[in-house]
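Structural characterization, general
Listed here are the chains, written in short residue letters.
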Amino acid sequence: MTSVIRPLEDSANVSDKGVLPSPVTAMAFHNTSPHLFIACNKSITLHNVLYNNTITTIKTADKAASSPLAATHCEYNCLIATRKHARTHEIQYLSLYDNKCLRTFAGHSDEIVDISMCPVDDNFLTASRDGTVRLWDVKSAACAAKMDLTTENKMDPRSCHAVYDHTGLVFCISAQSKDSNNKGHCVHLYDARNYSGGAFAEMQVSHASIRNALQLQLSSTVLGKEDAEEMSSVPWSKVQFNASGKQLLVTAKRGLVMMLDGFDASVGHVFLNDTSAVTADENVAPGSDAIDMAPSACFSSDDQTILVGGYDGVVRCYSATSGAELSRLEGHPTGSAVGCVACSPNLAVVATSCVNTALW
């Protein structure tokens, strides 16, 4: 068995039941329950994927729909980033059970790009374009710890990302390198119990290693030498661990998805999203954000498969071992980019979203 992906009966389409307006901008599965949080158009919907029924929908603050979303340990609660105005960016701890904001976490002064919940306790990490990574506890509004990357000589602070592994014992902070002699990305690993002692592993993913992987794995008809050079330096949009912690999955702009070794950050398989579906759209202007956007991708819960949402409405499933394409999930409208892909950690269910939300 190479994948835990199995279609639900008739590939249940959530939006067809009137659950959500489009587009969906963020999704998160709860770790132990069948609940799926779906953020869309100033609202968050809580959906039970086991019985395919919507539990509730609540309205959220302005500009919250496109922000990071994370499920907490309570099956009805989630965290979402909001922006009150240009210099005030907050995280709201929401209860969808009784439609309340339980707590607000303030401190970031620029866009919040990551919220990562610790799997074993009530701590969570946030990363922001203000150049800081902050540690919080859902039980207290005060920031528990702050790492200011603006004082780091090795990292570009505005490109930082942060994520816990699935044990909650390790977290990763990544950012573009400021070393002009070794251009690339820094990947630092920290002991979650002793983070004040600094990173226990500092790894570098050079642009050259990404370029070489692109040229080696993709034919010249798909990606030329100059294209590979340009793709190797695109900004990263998300970093995530697989369940074993032995691999990292990176999504980047221009449709790039790549696997990294969790011990030395060497580049493994690379996947390139076809942007032709976007560029062929007459309503999309050349150089627009739609062309430059990062794809959505994730590991399956058994680490055997990588799912990549396509700009053409198709979700492609690749072997994490060989990198070969195994299957495709087709059902979204043709030409609609799949902006969210998520796998349930405890059920054989995949959720994918663009202008609708499908369960497989």
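Residues numbered from 1 in each chain as written. Predicted model: local features only at pLDDT ≥ 70, side-chain atom pairs only at ≥ 80, totals over all residues. Heavy atoms only, no water.

Here we come to the confidence of the model for the chain. For the chain, per-residue confidence averages 85 on the pLDDT scale, and 83% of positions sit at 70 or higher. Predicted confidence for residues 1–11 stays below pLDDT 50, and this span has 27 contacts to residues more than four positions away or in other chains. Below pLDDT 50 for its whole length, residues 276–289 participates in eleven contacts with residues either more than four positions away or in separate chains. (pLDDT = per-residue confidence, 0-100. Contact = heavy atoms within 4.5 Å.)

Attention shifts here to the packing of aromatic side chains. Taken as a whole and judged by the stated rule, the model has eight aromatic pairs. Residues Phe124 and Trp136 carry aromatic rings whose centres are separated by 6.3 Å and whose planes lie at 15° to one another, so their mutual orientation is stacked. Pair noted here: Phe124 is in strand β10 (residues 123–128) and Trp136 is in strand β11 (residues 132–137), with a separation of twelve residues, a long-range link. Residue class for Trp136 comes out buried when judged on its relative accessible area of 0%. On the basis of an interplanar angle of 75° and a centroid distance of 5.9 Å, the ring pair of Tyr164 and Phe171 is categorised as edge-to-face. Here Tyr164 falls in the buried class, since its relative accessible area comes to 7%. We classify Phe171 as buried; its relative accessible area is 6%. Here the aromatic residues Tyr164, Phe171, Tyr190 and Tyr195 are joined through ring pairs into a cluster of three or more. (Phe/Tyr/Trp six-rings, centres within 6.5 Å; stacked < 30°, edge-to-face > 60°. Helix = DSSP H or I, 4+ residues; strand = E, 2+ residues; numbered from the N terminus. Buried < 20%, exposed > 50% of the residue type's maximum accessible area, 1.4 Å probe, protein only.)

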